[in-house]
4 protein chains.
Amino acid sequence: MKKTIAVITSGGDAPGMNACIRAIVLTANRFGHQVIGFKHGYNGLIENEKVLLSPFDVQHTIQLGGTILKSARCLAFTTDKGLIAAVENLNKNEVDALVVIGGDGSLRGLDRLQKHWDGQVIGVPGTIDNDLNGTDNTIGYQTAIDTALDSIDKLRDTADAFERIFLVEVMGRHAGFIALASAVASGAEQALFPESIDDPHTELESIVQHVECLRQVKGKSSIIMVIAEHLWPGGVSDLAETLTNQIGIECRPCILGHIQRGGAPVAYDRILATKLGSYAVEIINEGQSGVMVGEINNRQCAHKLNYVYSEQKELDPYLVKIQQNLFDVVQCLNLSKK
Amino acid sequence: MKKTIAVITSGGDAPGMNACIRAIVLTANRFGHQVIGFKHGYNGLIENEKVLLSPFDVQHTIQLGGTILKSARCLAFTTDKGLIAAVENLNKNEVDALVVIGGDGSLRGLDRLQKHWDGQVIGVPGTIDNDLNGTDNTIGYQTAIDTALDSIDKLRDTADAFERIFLVEVMGRHAGFIALASAVASGAEQALFPESIDDPHTELESIVQHVECLRQVKGKSSIIMVIAEHLWPGGVSDLAETLTNQIGIECRPCILGHIQRGGAPVAYDRILATKLGSYAVEIINEGQSGVMVGEINNRQCAHKLNYVYSEQKELDPYLVKIQQNLFDVVQCLNLSKK
Amino acid sequence: MKKTIAVITSGGDAPGMNACIRAIVLTANRFGHQVIGFKHGYNGLIENEKVLLSPFDVQHTIQLGGTILKSARCLAFTTDKGLIAAVENLNKNEVDALVVIGGDGSLRGLDRLQKHWDGQVIGVPGTIDNDLNGTDNTIGYQTAIDTALDSIDKLRDTADAFERIFLVEVMGRHAGFIALASAVASGAEQALFPESIDDPHTELESIVQHVECLRQVKGKSSIIMVIAEHLWPGGVSDLAETLTNQIGIECRPCILGHIQRGGAPVAYDRILATKLGSYAVEIINEGQSGVMVGEINNRQCAHKLNYVYSEQKELDPYLVKIQQNLFDVVQCLNLSKK
Amino acid sequence: MKKTIAVITSGGDAPGMNACIRAIVLTANRFGHQVIGFKHGYNGLIENEKVLLSPFDVQHTIQLGGTILKSARCLAFTTDKGLIAAVENLNKNEVDALVVIGGDGSLRGLDRLQKHWDGQVIGVPGTIDNDLNGTDNTIGYQTAIDTALDSIDKLRDTADAFERIFLVEVMGRHAGFIALASAVASGAEQALFPESIDDPHTELESIVQHVECLRQVKGKSSIIMVIAEHLWPGGVSDLAETLTNQIGIECRPCILGHIQRGGAPVAYDRILATKLGSYAVEIINEGQSGVMVGEINNRQCAHKLNYVYSEQKELDPYLVKIQQNLFDVVQCLNLSKK
């Protein structure tokens, strides 16, 4: 049965969104479905900003950062009025299935929508934060880590030349995935993320102690701390100032910011996006609805929308352990005794 | 119990080998073990080229390509004389455990060694080819894909400007992992790898047919074919010439070659290398021997050495299917009818 | 006076061609001129494949490799028939000025054209080879060097891990600009380019001697030779085989090939392209014709078309001297005595 | 005559400093000179932290960011006591010539030193800021532009996906070189730098007007403003807040910060550093002193130290003009009329 599939990208953009749109279009085309995109996320649904998407429209888009369908955060969609307008446009355009590529907020929106619309709704995890259950990796996460890593490697050069302390703030919303991964990958001497810290202020003493211990280690020429956004009240600039005062040497803050969202996706994200986009069309063929597609243990899967955002997703416990062990205080003291 | 752990890197170098050495040294240090490296792979064992490895020696090496311990392929180690010399040096240096970071051939060598030596032997999968069972990814594989992808993206610019056909040969030994992944990630219109092709010559007709079909598609402005090394007799240059003659338009060959082995490892490989290096020390603590460490479904594991290389490792079947479907002939004809 | 300006990109594509098209369009727009592009180089002139180019069409193209106007080599344009068809289309479209972005062959073509057409003709140096007089740098040259360098840096990792000899073939047509620059920038131990070698075969002995000298130097762990394309009969693979036989250790060839043409242009090329594109429009306003724009000593200039390709452009003599001196045989012997 | 040449790197580190040290060592070695390095800039002179530098010590350092000699800013050197200690150590080590690789402050320090010491003093321009007369480019400048550009390209993806306004703060001390170049290269719609703005507050109205004009332009989907550090009181975050309030749409700040100092140098900087390092040794051979080496119009030169920092270095006036013209208000209005 030929269907009309609508696609939107919503919320913070993530590298690989275009690769996913492309896979949806190419796969849908194979089954004879028609694909339309709505621009600017849910806004486009409400405003009926639609575009036809043929295989030619997505040619050579697999490597593009951002999203050719544009994105937005949409307050109107949280209102009944907005929701109703969206449903009307979906019906008017005879849409059979809506695919939303986005993160936590976008999938919550989709969950609300399915209560008011009869069509199939499918979520695809597109966010650099990796904070969704139901998939090992979200589209964009690996690219964001590599972007952060590239910057931290550069900071290491300067940190090392000056034997300095750098505090690097990375993204991740309320989760520590990017912070933990970029810290381990860069050999950062410390990582602070929400899952590891209860109350930042009570932790200050142990942070200071850790830094001073590291500095006592002969030959340790620079220190890099990776800190998750939203962790420290006042942000990393405030923490840098606090540490500078306590330790007596200059600690420099660096906020990586929005560069972490952009850029050509790495192979991992292009492949994941291609697989999940194809899989989304396949389960539309099967008649599924109300689920987010994902990949767990290298196999495609689908989970109820409310499952994916209800609970805090767990960090890899082995990675948490390694980051703590490789640079813990005992280690430092062992080193310093040599 | 304090141990002496020896480390070598062997066979083709892979990005992340240094990150792995570093993790072994830092983790061993935490348990009070001593680490020594032998240089130039098994040659260094035979020649007793040893160096002490302290945490300071591995500082800021996590991002380095190549291997600080050098590597080599070692014919001498396949002889009894070489094997005996290696065992003597291991004993003379009171080595308790030997960790070998390498690929297929290196792990076969380690399997032979364990029959002649009482110490613990641990393999770590370090090869860009990803052709070892017992782990989802080998160290270096993801970086090699991204390096290949970066080149293919550049070729696409030129291919597209000239509306040309490019044949790109990638590495992978006798397996199609790099070819398949870099083809999907680059949106290559065709991928040829050992697992998909029985007899290349009988396939020529279908290759030609596929290209001609793609070219009929209005708007398809360039074609990129990714081909695994060793696949086509005479190599990609020969295939390019054959296709040029058959199709009547110029097909250009490009052999990516050894650039795929070098460069700073991507985050994925640094993290995998750090985890597997740490895990190798942990299972040395447990007294294990004769195994290769790996990571399957995001969990660390260890498998008998002869298991990892005995059977051909399977490609991701879903990825194989996608690569075939996205650009198959039916698809082409659908497109061309529009 | 409002004019109609036509633009084509011709010959081998070069990173920065799009940045140049963009600058032409934005600058022309400022003066109220209309810009049209012909696709596929001179072929598009002959076939009248024209597209209108507005500021919106070139938005966000400054970073794109390749050329949005496509390129081609055009045999038909070397015939009278082709030339006449081109002139007819220029007149039919009421073109006042034609800008050709390309290299040696493309500018020769433009020189021929101006003898048969009354409009203004302006060349812009767009080629990675940097082999045009009348400008210090051609558009695309700096990017090609950085692309080659990135690959050679990666090869160094492997060369060093294996203490190997790598022979890297880079582009440059009949000139050594890319070879010399990428050799100096990568610290290559030897560079062979047309300007430095009269008869390759008589040089073989000195090449072998140089390599053997380098190898005697204690601690010299790898050797990289950069070789210009077209230099060695049979190419770098043949030279590698010859050297392997003579020296007795394996020398590996690596042909960088067409990746050197692609990729996002570096800042230097985007800026140069933007300046030269703007300047081309400015001298069209002044009524100039028959010249190629360029930049010498950081100032924009224009030279007669036949000047720019008539004589072999000279390499930077100081750079030639440095490359020879830093690794000459005397140097080697000094080192080896230590 | 064999000499002892001392080298330091001082002030903010810049990519290419290691390439320059390497060139000094290799060239000096060729003439039989001895090279010693003092670590941590002038501090190392005062504290006599010296290391011997042989050709082997600089092998494979050409591609490294940061500085193997470490750097520092040195307050002690501004005092007589510090100066005297430095002179004593230079004499004690029988140094004939001191080469300082650094920026404005470091060369001022060198100028002071030469009044108290009889040896030869040579400056080399090593700073990302490009704010020294006597050379067209300083070592590190081109790399810093490309690093900034890479980040701005990534921000463009997100800016475009969200149709947002981004304000990007780049480095440059009190000069607009990085801001102007990265703005032109990224196609930024506006650039604010010290040379273009007298009093930022009186400019606010024209900034707002410019942004509003750009936004009226149909199809202009995102706006990027590049702003030099130290320009706006309160920094780019303050300006973003001010603009957000005035324009009524969210303007996001992004401070690129210290990543601009790190990373592997691009080919341009490696080549420049190699030339200037070699040239520094050559003019030491000639007996010159009290000068900074540089390259103007592609030729090596040497200027008195006090010349290079006495006057504000001029931006490329053609580039300033282009940046203003390509996006000026008239242009905008032309566009919006279509």
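Attention here is on the structure that accompanies the text. (Residues numbered from 1 in each chain as written. Chains lettered and ligands numbered in written order. Predicted model: local features only at pLDDT ≥ 70, side-chain atom pairs only at ≥ 80, totals over all residues. Heavy atoms only, no water.)

## Examining the overall build of chain A
(1) Moving on: Looking only at helices and strands, chain A features 12 helices and 11 strands.
(2) Moving on: In terms of principal-axis extent, the alpha carbons of chain A reach across some 75 × 35 × 30 Å.
(3) Moving on: Across the 338 residues of chain A, 67% fall into the buried class.
(4) Moving on: The long-range fraction of contacts in chain A, counting pairs at least 24 apart against all pairs at least 6 apart in sequence, stands at 75%.
(5) Moving on: Of the roughly 11,500 Å² of accessible surface on chain A, a fraction of 47% belongs to carbon and sulfur atoms.
(6) Moving on: Between the averaged position of the 30 positive side-chain charges in chain A and that of its 40 negative side-chain charges there is a distance of 5 Å. (Helix = DSSP H or I, 4+ residues; strand = E, 2+ residues; numbered from the N terminus. Buried < 20%, exposed > 50% of the residue type's maximum accessible area, 1.4 Å probe, protein only. Contact = heavy atoms within 4.5 Å. Areas by Shrake-Rupley, 256 points an atom, 1.4 Å probe, with all protein chains shown as cover. Lys, Arg positive; Asp, Glu negative; His and termini not counted. Charge placed at Lys NZ, Arg CZ, Asp CG, Glu CD.)

## Brief notes about the relation of the copies chain B and chain C
(1) Moving on: For the match of chain B to chain C, the screw axis carries a shift of 0.0 Å, the RMSD comes to 0.0 Å, and the turn is 180°. Taken together, these values place the two copies in the relation of a two-fold axis.
(2) Moving on: Residue by residue, 100% of the interface of chain B is reproduced at the interface of chain C, so both copies engage with the same surface. (Least-squares fit on C-alpha atoms with pLDDT ≥ 70 in both.)

## Looking at the interface of chain B and chain A
(1) Moving on: Listed per partner, the contact involves 57 residues of chain B and 57 residues of chain A.
(2) Moving on: Carbon and sulfur atoms make up 52% of the area that chain B and chain A hide from each other, which totals about 4,600 Å².
(3) Moving on: Counting the surface chain B buries against chain A, the share from its top three residues, Arg30, Phe56 and Tyr318 of chain B, is 14%.
(4) Moving on: Taken together, chain B and chain A are joined by six salt bridges.
(5) Moving on: In this structure, Lys275 of chain B engages Asp316 of chain A in a salt bridge whose closest nitrogen and oxygen atoms are separated by 2.9 Å.
(6) Moving on: Taken together, the connections running from chain B to chain A amount to 20 residue pairs in polar contact (both at pLDDT 80 or more). (Buried area = accessible area lost by both parts, 1.4 Å probe. Salt bridge = Lys/Arg side-chain N within 4 Å of Asp/Glu carboxyl O. Polar contact = N/O pair within 3.5 Å; in protein donor to acceptor, adjacent residues only side chain to side chain.)

## Topic: the sheet that holds strand β3 (residues 50–52) of chain C
All names here are of chain C.
(1) Moving on: Pairing is mixed in the open sheet, where seven strands are placed in the order β3-β2-β1-β4-β5-β10-β11. Across the chains shown, the open sheet's two edge strands, defined by having one partner strand only, are β3 and β11 (299–304). Each adjacent strand pair in this sheet contributes to an overall mean axis angle of 30°, direction not counted.
(2) Moving on: Alignment of strand β10 (residues 291–296) against β11, held across six bridges, turns out to be antiparallel. (Pairing = 2+ DSSP bridges. Axes fitted to C-alpha atoms, helices over the stretch in contact; angles between N-to-C directions.)

## Comments concerning the sheet that holds strand β8 (residues 223–228) of chain C
All names here are of chain C.
(1) Moving on: On the basis of which strands lie adjacent, the open sheet formed by four strands has the order β7-β8-β6-β9 and parallel pairing. Looking at which strands have only one partner, the edges of the open sheet turn out to be β7 (190–192) and β9 (251–255). Mean inter-strand twist for the sheet, computed between neighbouring axes without regard to direction, equals 20°.
(2) Moving on: Strand direction decides the pairing type here: β7 and β8, joined by three bridges, are parallel. Residue Gln190 lies in a different strand from β8, and its bridge partner there is Met225.
(3) Moving on: Contacting β6 (165–170), β7 and β8, helix α6 (residues 177–186) crosses the sheet at an angle of about 165° to β8.

## Quick notes on the interface of chain B and chain C
(1) Moving on: Listed by partner, the interface residues are 34 residues for chain B and 34 residues for chain C.
(2) Moving on: Summing both partners gives a buried area of about 2,500 Å² for chain B against chain C, and 57% of it is carried by carbon and sulfur.
(3) Moving on: Looking only at chain B, the three residues that lose the most surface to chain C are Lys154, Phe162 and His258 of chain B, adding up to 25% of its buried area.
(4) Moving on: In this structure, the connection of chain B to chain C is made through two salt bridges.
(5) Moving on: The partner of Lys70 of chain B in a salt bridge is Asp160 of chain C, and the shortest N-O contact between them spans 3.5 Å.
(6) Moving on: For the interface between chain B and chain C, the tally reads 12 residue pairs in polar contact (both at pLDDT 80 or more).

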